[in-house]
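Chains, contacts and geometry: an overview
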Amino acid sequence: LVAQKDIVNLLIAARRPYAEEVAGAFGIGDDFEGRYQPSDRLTLRRDWGGWMGLSAAVVLAGLFFVFRYRQKMSRKASRSL
């Protein structure tokens, strides 16, 4: 199909790092051998904000309260002896 080759040509022109993988998935990777030149400026970025930050805050708060609870219980146990 022509559309598959057009898609891969567009990805190569945009210098996308995944162009070779897409061509391989389409089964036409041999047609574009040597034409892949991913951009050096494109890097995979991970967004650690949002849910990840909220999850980390909840876990840290939980650990803090468990630590404080254990401290309180050990003081109570040492006083009763």
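Look a little higher up for the structure.
Just so it is clear, the structure is predicted and the values come from calculations on it, not from any experiment.

**Details of a negative patch on the surface**
A cluster of acidic side chains, namely Glu-20, Glu-21, Asp-30 and Glu-33, defines a negative patch on the protein surface. Of note, Asp-30 is situated in the loop between helix H2 (19-26) and helix H3 (51-80).

**Some words on the pattern of salt bridges**
As enumerated under the stated definition, the model contains 1 salt bridge in all. With its nearest N and O atoms 3.6 Å apart, the salt bridge here joins Asp-31 to Lys-5. Placement of the pair is Asp-31 in the loop between H2 and H3 and Lys-5 in helix H1 (residues 2-13), with a sequence separation of 26 residues. Using a relative accessible area of 49% as the deciding quantity, one classes Asp-31 as partly exposed. In this structure Lys-5 comes out as partly exposed when scored by relative accessible area, which is 37%.

**Quick word on a nonpolar patch on the surface**
Together, Trp-51, Leu-54 and Val-58 make up an exposed nonpolar region whose accessible area comes to about 390 Å². Inspection of the secondary structure puts Val-58 in helix H3.

**Things to note about H1**
A rise of 1.5 Å per residue sets the reference length of H1, with its 12 residues, at 16 Å; its end C-alpha atoms lie 16 Å apart and thus fit the reference within 8%. Residues Val-8, Leu-11 and Ile-12 constitute the buried set of H1. One side of H1 carries all its buried residues, which in axial view fall inside an arc of 100°. Away from its buried face by more than 90 degrees, H1 exposes Val-2, Leu-10 and Ala-13. Check the buried side of H1 and you find it contacts H2. Looking at the residues trailing H1, positive phi occurs at Arg-15, about 60°.

Definitions and limits used
- Residues numbered from 1 in each chain as written.
- Predicted model: local features only at pLDDT ≥ 70, side-chain atom pairs only at ≥ 80, totals over all residues.
- Heavy atoms only, no water.
- Patch = residues over 30% accessible without salt bridge, like charges linked within 9 Å, V, L, I, M, F, W, Y side chains within 5 Å.
- Areas by Shrake-Rupley, 256 points an atom, 1.4 Å probe, with all protein chains shown as cover.
- Salt bridge = Lys/Arg side-chain N within 4 Å of Asp/Glu carboxyl O.
- Lys, Arg positive; Asp, Glu negative; His and termini not counted.
- Charge placed at Lys NZ, Arg CZ, Asp CG, Glu CD.
- Helix = DSSP H or I, 4+ residues; strand = E, 2+ residues; numbered from the N terminus.
- Buried < 20%, exposed > 50% of the residue type's maximum accessible area, 1.4 Å probe, protein only.
- Expected span 1.5 Å × (residues − 1).
- Arc of directions from axis to C-beta.
- Contact = heavy atoms within 4.5 Å.

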